[in-house]
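Residue-level listing of the chains:
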Amino acid sequence: MPWSQNDYPNAFKNLSDPVRSKAIKIANALLKDGHDDSSAIRIAISQAKKSTGNNKKAFYEAEGLAKIAYDFRKS
């Protein structure tokens, strides 16, 4: 059964709106391709976080680069 903004898996409830929206689209596409619900949910959350920038690793890497650039400009 396809999911929507009003009817989505419990696992999506703590995602921000942009991430949830992207996860719903990804999960629906995965379901259409034959994935089972649990793998579609898992993959969709992971990919939605990456594509919307809600990824802690990417955030810290960007933060580190910003600090390096700031320190370089200071010197």
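It should be noted that the structure appears before, not after, this text.
Note that residues are indexed from 1 along each chain, following the sequence as it is written. Local features are withheld for residues below a pLDDT of 70 in this predicted model, meaning they are given only at 70 or higher, and side-chain atom pairs are given and counted only at 80 or more; totals for whole chains, interfaces and linings count all residues. Processing note: side-chain calculations cover all non-hydrogen atoms of the structure and skip hydrogens and water entirely.

(A) Expanded view of helix α2 (residues 37-51). Helix length check: α2 (15 residues) gives 21 Å between terminal C-alpha atoms against 21 Å at 1.5 Å per residue, within 8%. Where α2 is concerned, the buried positions are S39, A40, I41, A44, I45 and A48. If you follow the buried residues of α2, they end up packed against α1 (17-32). Each helix corresponds to a stretch of at least 4 residues labelled H or I by DSSP, and each strand to a stretch of at least 2 residues labelled E; elements are numbered beginning at the N terminus. Take the residue count of a helix, subtract one, and multiply by 1.5 Å to get its expected span. Exposed residues in this analysis have more than 50% of their type's maximum accessible area, buried residues have under 20%, and partly exposed residues fall in between, with area computed by a 1.4 Å probe over protein chains only. Contacts are assigned to residue pairs that have any heavy atoms within 4.5 Å of one another.

(B) Inspection of the packing of α1 against α2 at higher detail. Note on geometry: axes are C-alpha line fits, over the in-contact stretch for helices, and angles between N-to-C directions span 0 to 180 degrees. The contact between α1 and α2 brings their axes to 8 Å, and the two run at 140°. Here α2 runs oblique to α1, going by the angle between their axes. The chirality of how α1 crosses α2 is right-handed. For the pair α1 and α2, contact is made by V19, K22, A23, I26, A27, L30 and L31 and by D37, A40, I43, A44, I45, Q47, A48, K49 and S51, respectively. Classifying every residue of the contact of α1 with α2 gives 11 nonpolar, two polar and three charged. Note on terminology: angles under 35 degrees are roughly parallel, angles over 145 are roughly antiparallel, angles of 65 to 115 are roughly perpendicular, and the others are oblique. Left-handed is the label given to a crossing in which the near helix is rotated counterclockwise from the far helix by less than a right angle, and right-handed is the label when the rotation is clockwise. As a working rule, the residues Ala, Val, Leu, Ile, Met, Phe, Trp, Tyr, Cys and Pro are called nonpolar, Asp, Glu, Lys and Arg charged, and the rest polar, with Gly in that last group.

(C) A look at the packing of aromatic side chains. When the centres of two rings from Phe, Tyr and Trp lie within 6.5 Å, Trp using its six-membered ring, the rings pair. Their planes under 30 degrees apart give stacked, over 60 give edge-to-face, and anything left gives tilted. As enumerated under the stated definition, the model contains one aromatic pair in all. A ring pair is formed by W3 and F12, whose centres lie 6.3 Å apart and whose planes are at 65°; its orientation type is edge-to-face. Note on accessibility: W3 and F12 belong to one class, buried.

(D) Highlighting the pattern of salt bridges. Think of a salt bridge as a Lys or Arg side-chain nitrogen and an Asp or Glu carboxyl oxygen that are within 4 Å of each other. If you walk through the whole model with that rule in mind, you get one salt bridge. Here D17 makes a salt bridge to R20, at a shortest N to O gap of 2.7 Å. Of this pair, D17 and R20 both sit in helix α1, three residues apart, roughly one helical turn. The class for R20 is buried, based on a relative accessible area of 8%.

(E) Region of the structure containing the nonpolar core. Buried Ala, Val, Leu, Ile, Met, Phe, Trp, Tyr and Cys residues that are joined via side-chain atoms within 4.5 Å together make up what is termed a nonpolar core. If you look at the biggest cluster of nonpolar residues, it comprises 15 residues, and the most contacted ones within it are W3, F12, L15, A23 and A44. Discounting residues that sit within four places of it in the chain, A23 has contacts with F12, L15, A44, I45 and A48.

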